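Residue strings, one per chain:
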Amino acid sequence: MTEHLNEGMNPPISTHETSAVTDCPRHSPVRLAPPFLQQVGLWSLAGMALTACGGGGNAGPATSPTPSGPGTPTLPNTPTTPTTPDTPSPPSPPAPTRIEASRFLQQAAFGGNDADLSRVQQLGLSGWIDAQQALPVAVTGWDWLMQQGYNSSDYRFSDQPMNAMMWHETMAQPDVLRKRVAVALSELFVVSARQSIGEMTSFNMAHYWDLLNQYALGSFRDLLEKISTCPAMGYYLNSLGSRKDDPKTGRKPDENYARELLQLFTIGLVELNPDGTARLRNGQPIETYRNEDVMGLARVFTGYDLDDRVFDTPERPEVTRVPMALFPNRHSMLAKSFLGLTIPANTEGSASLKLALDHIFRHANIAPFVSRHLIQRLITSNPTPAYVGRMSAVFNDDGHGVRGNLGALIKAILLDPEARLVPDQQPAHYGKLREPMLRLTQWARTFGATSADGRFAAGGTYSSRWSIGQGFLQAPSVFGFFRPSYTPPNSLLAQNQQVAPELQLCDENTVSKYINFMRQLVPVGLRKHDDWPTVVIKPDYAQELALAGKPAELLARLNLLLCANQLSARTLSLMTTALTRMKSTGTDWQANRVHAAIFMVMVCPDYMVQR
Amino acid sequence: MNGLPKMVLSGAKSPDPAGDGLTRRRFLQSGASLSTAAWLGSLPQLAHAANTDDYKALVCVFLMGGNDHHNTLVPYDATNYSLYQKARADVALPQDSLLPLLNDTPLPYGLRFGLNNTMQGMQTLFNQGQMAVLLNVGPLYAPTTLADYQGRAAWLPPKLFSHNDQQAIWQTGALEGHHNGWGGDLADEVYGRNTEAGFSCISLQGNSVFLAGDQTSGYGMGDDGVTRIQGSNAGKDWMFGGFEVSTVLTDLISTPSTHPMQQAYCAVTQKAIRAEKTLSAALAGEPELATAFDASNSLASQLKMVAKLIRIRQKLGMQRQVFFVALGGFDTHDGLLSTHGPLIGKVSSALASFYQATVELGVASQVTTFTASDFGRTLSCNGNGSDHGWGSHHFILGGAVKGKAFYGTAPQMGLGTPNDTGQGRLLPSTSVDQYAATLARWFGVPETQLGHVAPHLVNFTQKDLGFMV
């Protein structure tokens, strides 16, 4: 993949930027000159040493998928214990500025308020990550639904309790790093409540969400096993109820989970180098599997169904949070061959599952596949191959011989020099479009939005007709909200072969709906799901209201908190003009100015890209 | 989907499986015009503004998830039904429930097809001559035999059986990540004939690569009509206690910055603002359609919006348009009998209403509607559903369709047939390229440009499948 700015094709405004980047030495010596991607190797020369966790650098040319050995240890399931290995500390960096702290919280959390920024400054980025990793899950989503009384047959097929649970989880819980990573994982291992997920849909989804949280900073291998046997996944991708071959009727095992486990969750369709680029043979990508592999793996996922030994009622929906049970007489005892592994005939179900997941977990693609996904969700849509390569190395070995340590991987992703490039050092396309649902969560976090009765019973937001077209755990299909390779047609991005996955959500309809949604939201808050006029999640603008008479200061505050000072002088000037002209007398003038300011910032293009 | 290297049958190269390397060339050819130019600058070729109603529209109805064609179009003659029933086991439809199709020309193997009993609307359309069926069509880069497939011939389309990639191949001829779809390519070929060229391609289902061409990008709207951005009427929209915000808002949200993602986002916003003003003005005062559409049927709501847009074609100076609508939920690994019937019934009902609306608007012969889907499905059953397949049967509807007939080659029913790649996953006998080219020729794409729309057409003898007048 070649990526470079093609000056001849840029519209005028970009040509200006390009020439500035190329010719003007107005920035510090560590500024990376284009072609950026060919120069990342200079980082070490520029004194931007890799973090301890990110060591390992760019791996050499790949060989065929290489097992790292069956003896590779995996992490124990200790989600409440910090899983980051205690590597020797690099010389402690200076405390981050408030701008750096804000930018960091947009990558690692859902943004933050004054206190959140101060906390990052106080602990430093690495210390903040360690502190976050040590935070326990305060209450699981499943338990919270019970506490709120959603354990009733009234909610049997409703996703509304799940929406409330997700607002509570993303807006009100302290372990924001885990939550942000769990959201990113929910966009990799997609299960969606856009279709009903069994009886007690919300409880099934809540347990699935809880598993993502439990392992978000833990073992990838353990997470794979948990989601493979979780009822929610069983419902969504049909392993629940899948049965062995029946030669008499010609019935075959259901292939859905086996296929998506390989294609979407772990290794993808083509063989990858550790840096995430496609391996080529005779100039062509090499497919990772064929349909025969899917058919072989599908036998592994036969015999699963709800655990009928568990007492289960709508009032106590236990079956939603225990693994599916294996019914041996429905499990295929034929040989199971896939990806070069043959699990011998007559191997029973749980042994087959472990062998199969171990084999997939050893595949050379997993490290770059998962690393790239997490980088794209947290940091930037177009990471350099070197960045992906450094993260692959951490995935493969966290420094203590442990493979698939997500806590170490997340820390490395956040502290990598490429994540920490400040705007002056970034290539022109750096960053990612903010997802609509994350914009909404950021609004809540920044302005301390709360639900007075603690129930967070606001409606879902997935509808592109009534809302912003995206909602937590409500992707339109197993392919998620957007595809990692999406590029808007006829754009500079397409021309430069860069991607912008989140832009797949943005068409003329949804960008308009978002603006109108924000106009409704900002003045009052989020409305109740079944009672439109009632607002249930309300912001606290006290600090902003105090600045209503000083538009420049008000905007400076919002600029810092919402977008780490990314607003251009032109944008600020337009907003200042509007605010200054607004009334400064009458009953609601302060509120009107504050609402207008927040609205304008959160719909403007400078805000839209997290850089 | 041009730009793919023309495949040479004797060669071992498969055509650009990475799907890269073509947009760049087309950008060079087209002078790198960004699509917004058409919206912001002078409108091209106003001379064509239509007083005469030289109008044609293609409507792509995409069945997301892979329609189970075996339970859509089912053999009801005794011999073939028993083969079907044996292979389908628990998910076979009852023989006496099927709705017979009365084709004049008989099919081989004594095949008589009927439709799922939820599809009365489409049965009527077929039997009255407005609808045709294309049998066993799917992605193929060249004529392919079962031996070619089993021997992993070099020209096989990549990533068979994968949803997103087969959707992409159906829509673009290349894998996911490819930037041009053949709907967009079609529109490129006739782009200059439309006054409001930005409405050449319209999606009712979000961003669709099918509608992306070199000059055209799909315009996205909801089935609820056009959404006006509140505050986009500069200085006239009251918000936050005054007019000050609306005075700056359009400038604020639509001014491109230097970041390419912001530019792309702004381009959408610009189109949204401009298109809303144009469409709202054109739609204003139009009466409701007399034709009834089922309001609880998402596909029907989308097609109703398409009909309303077709009605204002002359106000917008449109001569050629491509529309994209879609319905999800067809990935019936599970619960096939309970979910598929109602779902395909929605397609039938929506298409019947839409055809009726084109009659109401006097454009029945100018609008051709066709179905597409990720892939067909297995004939064998996985318990209570079916798995991903390849070839499938599709429907073409409109006054210009030579209906009441089957096109393509009927596959032999049952497992272990010459077209069975395993479990009844059909090896297609007709390529999507041939399907696209036949529609493109009717649409008015010149013979010499068909390769732009259907790059693999060169490898097939039959360039026109014959289902259009």
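Keep in mind the model is a prediction, meaning the values are calculated, not measured.

**Regarding the overall build of chain A**
Line of reasoning, step 1. Scanning chain A for helices and strands turns up 24 helices and 10 strands.
Line of reasoning, step 2. In chain A, once contacts between residues fewer than 6 apart in sequence are set aside, the share between residues at least 24 apart is 73%.
Line of reasoning, step 3. Taken as a whole, chain A presents about 21600 Å² of accessible surface, with 54% of it coming from carbon and sulfur.

**Comments concerning the overall build of chain B**
Line of reasoning, step 1. A tally of helices and strands in chain B yields 14 helices and 12 strands.
Line of reasoning, step 2. Per-residue burial for chain B yields a buried fraction of 66% across its 469 residues.
Line of reasoning, step 3. In chain B, of all internal contacts separated by at least 6 residues, the share reaching a separation of at least 24 is 74%.
Line of reasoning, step 4. Total accessible area computed for chain B in this model is approximately 14400 Å², and 54% of it derives from carbon and sulfur atoms.

**Focus on the packing of helix α8 (residues 220-228) of chain A against helix α10 (residues 256-266) of chain A**
Residues and elements named next belong to chain A.
Line of reasoning, step 1. One way to put it is that α8 packs onto α10 with a least axis distance of 13 Å and a crossing angle of 150°. The hand of the α8/α10 crossing is right-handed. Note on element contacts: α10 touches α8 through Tyr257, Leu261, Phe265 and Thr266, opposite Phe220, Leu224, Ile227 and Ser228.
Line of reasoning, step 2. The residue inventory of the contact of α8 with α10, partitioned by class, reads 6 nonpolar, 2 polar and no charged.

**A closer look at unusual backbone geometry**
Line of reasoning, step 1. With a phi angle near 60°, Leu473 of chain A is a residue other than glycine that sits in the positive phi range.
Line of reasoning, step 2. Backbone geometry places Gln497 of chain A, a non-glycine residue, at a positive phi of 55°.

**Observations concerning the environment of Gln356 of chain B**
Line of reasoning, step 1. In this fold, Gln356 of chain B is placed in helix α12 (residues 336-360).
Line of reasoning, step 2. Residues Gln356 of chain B and Pro446 of chain B, spaced 90 residues apart in sequence, show a C-alpha to C-alpha distance of 30 Å.

**Topic: the pattern of salt bridges**
Line of reasoning, step 1. Within this structure, the stated rule accounts for 44 salt bridges over all chains.
Line of reasoning, step 2. Arg390 of chain A is the salt-bridge partner of Asp416 of chain A, the closest N and O atoms lying 2.7 Å from each other. You can see Asp416 of chain A sitting in the loop between α15 (406-415) and α16 (417-420) and its partner Arg390 of chain A sitting in helix α14 (residues 385-396), a full 26 residues away along the chain. When sorted by exposure, Asp416 of chain A lands in the same class as Arg390 of chain A, which is buried.
Line of reasoning, step 3. With a shortest N-O distance of 3.0 Å, Asp224 of chain B and Lys513 of chain A are connected by a salt bridge. Here Lys513 of chain A lies in helix α19 (residues 508-524) and Asp224 of chain B lies in the loop between β7 (219-220) and α8 (244-254), a pairing that spans two chains.
Line of reasoning, step 4. It is possible to trace a salt-bridge network through shared partners that takes in Arg98, Asp114, Glu544 and Arg557 of chain A.

**Some points on the confidence of the model for chain A**
Line of reasoning, step 1. Taken as a whole, chain A shows an average pLDDT of 87; of its residues, 85% reach a score of 70 or greater.
Line of reasoning, step 2. Contacts from residues 1-85 of chain A, a stretch scored under 50 in pLDDT, to residues over four places away or in other chains number 149 contacts.

**Some details on the interface of chain B and chain A**
Line of reasoning, step 1. Each side of the interface is counted separately: chain B has 83 residues, and chain A has 91 residues.
Line of reasoning, step 2. Buried surface at the junction of chain B and chain A, summed over both partners, amounts to about 7400 Å²; 58% is from carbon and sulfur atoms.
Line of reasoning, step 3. At the boundary of chain B with chain A, the tally comes to 5 salt bridges.
Line of reasoning, step 4. Arg570 of chain A serves as the salt-bridge partner of Asp251 of chain B, at 2.8 Å between the closest nitrogen and oxygen.
Line of reasoning, step 5. Applying the counting rule to chain B against chain A returns 32 residue pairs in polar contact (both at pLDDT 80 or more).
Line of reasoning, step 6. Sorting the residues of the side of chain B that touches chain A by element identifies α1 (23-29), α3 (78-88), α6 (163-172), β7, α8 and α9 (260-283) of chain B as the ones contributing at least two each.
Line of reasoning, step 7. The class makeup of the residues in the side of chain B that touches chain A is 32 nonpolar, 33 polar and 18 charged.

**A short note on the environment of Ala393 of chain A**
Line of reasoning, step 1. Turning to its location among the elements, Ala393 of chain A is positioned in helix α14.
Line of reasoning, step 2. Sequence separation between Ala393 of chain A and Leu409 of chain A is 16 residues; the distance between their C-alpha atoms is 9.2 Å.

**A short note on the pairing of strand β5 (residues 131-138) of chain B**
All names here are of chain B.
Line of reasoning, step 1. Counting buried positions along β5 gives 8 out of 8 residues, so the element sits mostly inside the fold.
Line of reasoning, step 2. With 4 bridges connecting them, β5 and strand β11 (residues 405-408) associate as parallel partners. Counted as the bridge partner of Leu135 is Gly408 from β11.
Line of reasoning, step 3. Where β5 meets strand β12 (residues 430-431), 2 bridges bridge the pair, whose relative direction is parallel. Across the sheet, Gly138 pairs through a bridge with Ser431, a residue of β12.

**Considering the sheet that holds strand β4 (residues 113-115) of chain B**
Residue and element names in this part refer to chain B.
Line of reasoning, step 1. Pairing in this open sheet of 3 strands is antiparallel, and the strands run β2-β4-β3 from one edge to the other. The open sheet has two free edges, formed respectively by β2 (73-75) and β3 (99-100), since each of these has just one partner strand.
Line of reasoning, step 2. By the bridge criterion, 2 bridges tie β3 to β4 in an arrangement that is antiparallel. Bridge assignment links Leu99 to a residue of β4, and that residue is Leu115.

**Quick word on helix α21 (residues 551-563) of chain A**
All names here are of chain A.
Line of reasoning, step 1. Compared with an ideal rise of 1.5 Å per residue, which puts 13 residues at 18 Å, α21 spans 17 Å between its outermost C-alpha atoms and is within 8% of the ideal.
Line of reasoning, step 2. Here α21 lies mainly inside the structure; 10 of its 13 residues are buried.
Line of reasoning, step 3. For α21, every residue scored as buried is listed here: Pro551, Leu554, Leu555, Arg557, Leu558, Asn559, Leu560, Leu561, Leu562 and Cys563.
Line of reasoning, step 4. Phi for Ala564, located one or two positions after α21, is positive at around 50°.

**Topic: the side chain of Ser392 of chain A**
All names here are of chain A.
Line of reasoning, step 1. As for its placement among the helices and strands, Ser392 is situated in helix α14.
Line of reasoning, step 2. Taking relative accessible area as the criterion, Ser392 reaches 1% and is therefore assigned buried.
Line of reasoning, step 3. A polar contact of 2.6 Å, which involves the side chain of Ser392, links it to the backbone oxygen of Pro274.

**Side note on α6 of chain B**
All names here are of chain B.
Line of reasoning, step 1. Burial analysis of α6 places 10 of its 10 residues in the buried class, the great majority of the element.
Line of reasoning, step 2. Turning to α6, its buried residues number three or more, namely His163, Asn164, Asp165, Gln166, Gln167, Ala168, Ile169, Trp170, Gln171 and Thr172.
Line of reasoning, step 3. One or two residues past the end of α6 sits Gly173, with phi positive at roughly 80°.

**Some remarks on the side chain of Thr371 of chain B**
Residues and elements named next belong to chain B.
Line of reasoning, step 1. With respect to the helices and strands, Thr371 occurs in strand β9 (residues 367-373).
Line of reasoning, step 2. Thr371 gets classed as buried once you look at its relative accessible area, which sits at 2%.
Line of reasoning, step 3. Polar side-chain contacts of Thr371 include one of 2.9 Å to the backbone nitrogen of Phe395.
Line of reasoning, step 4. Excluding its chain neighbours within four sequence positions, the residues that come into contact with Thr371 are Val61, Leu351, His394, Phe395 and Tyr435.

**Focus on the nonpolar core**
Line of reasoning, step 1. Trp128, Phe189, Leu297, Trp443, Tyr514 and Phe599 of chain A are the most contacted members of the largest nonpolar core, which has 186 residues in total.
Line of reasoning, step 2. Counting residues per element, this core draws most heavily on helix α23 (residues 589-603) of chain A, which supplies 10 residues.

**So, the packing of helix α4 (residues 120-127) of chain B against α12 of chain B**
Residues and elements named next belong to chain B.
Line of reasoning, step 1. As a packed pair, α4 and α12 sit with axes 7 Å apart at the nearest point and diverge in direction by 50°. Relative to α12, the element α4 lies oblique. In this structure, α4 uses Gln120, Gly121, Met122 and Leu125 to contact α12, whose residues at the interface are Val347, Ser348, Leu351, Ala352 and Tyr355.
Line of reasoning, step 2. Looking at the contact of α4 with α12, its residues break down into 6 nonpolar, 3 polar and no charged.

**Thoughts on the state of the cysteines**
Line of reasoning, step 1. Counted according to the given criterion, the structure contains 0 disulfides over all chains.
Line of reasoning, step 2. Between Cys563 of chain A, a cysteine without a disulfide, and Cys604 of chain A, which holds the nearest cysteine sulfur, the sulfur-to-sulfur distance is 6.3 Å.

**Quick look at the packing of aromatic side chains**
What describes a pair of aromatic rings is the distance from one ring centre to the other and the angle between the planes of the rings.
Line of reasoning, step 1. On inspection of all chains with the given rule, the structure shows 29 aromatic pairs over all chains.
Line of reasoning, step 2. Each ring, one from Phe447 of chain A and one from Tyr541 of chain A, has its centre 5.2 Å from the other, and the planes form 75°; the classification is edge-to-face. Here Phe447 of chain A, found in the loop between α17 (436-446) and α18 (492-495), pairs with Tyr541 of chain A, found in the loop between β9 (531-537) and α20 (542-545); they are 94 residues apart in sequence, far enough to count as distant.
Line of reasoning, step 3. Overall, the relative accessible area of 1% leaves Phe447 of chain A in the buried class.
Line of reasoning, step 4. Of the aromatic side chains, those joined through ring pairs into one cluster are Phe62, Trp170, Trp182, Phe210, Phe324, Phe370, Tyr407, Tyr435 and Phe467 of chain B.
Line of reasoning, step 5. Geometry around Tyr607 of chain A places Arg434 of chain A over its ring, the cationic atom sitting 4.4 Å from the centre.
Line of reasoning, step 6. The ring of Phe443 of chain B carries the charged tip of Arg320 of chain B above its face, separated from the ring centre by 5.9 Å.

Scoring rules and cut-offs
- Residues numbered from 1 in each chain as written.
- Chains lettered and ligands numbered in written order.
- Predicted model: local features only at pLDDT ≥ 70, side-chain atom pairs only at ≥ 80, totals over all residues.
- Heavy atoms only, no water.
- Helix = DSSP H or I, 4+ residues; strand = E, 2+ residues; numbered from the N terminus.
- Contact = heavy atoms within 4.5 Å.
- Areas by Shrake-Rupley, 256 points an atom, 1.4 Å probe, with all protein chains shown as cover.
- Buried < 20%, exposed > 50% of the residue type's maximum accessible area, 1.4 Å probe, protein only.
- Axes fitted to C-alpha atoms, helices over the stretch in contact; angles between N-to-C directions.
- Left-handed = near helix turned anticlockwise from the far one by under 90°.
- Nonpolar A, V, L, I, M, F, W, Y, C, P; charged D, E, K, R; others polar.
- Salt bridge = Lys/Arg side-chain N within 4 Å of Asp/Glu carboxyl O.
- pLDDT = per-residue confidence, 0-100.
- Buried area = accessible area lost by both parts, 1.4 Å probe.
- Polar contact = N/O pair within 3.5 Å; in protein donor to acceptor, adjacent residues only side chain to side chain.
- Pairing = 2+ DSSP bridges.
- Expected span 1.5 Å × (residues − 1).
- Core = buried A, V, L, I, M, F, W, Y, C linked by side-chain atoms within 4.5 Å.
- Parallel < 35°, antiparallel > 145°, perpendicular 65-115°, else oblique.
- Disulfide = S-S within 2.5 Å.
- Phe/Tyr/Trp six-rings, centres within 6.5 Å; stacked < 30°, edge-to-face > 60°.
- Lys NZ or Arg CZ within 6 Å of the ring centre and 35° of its normal.

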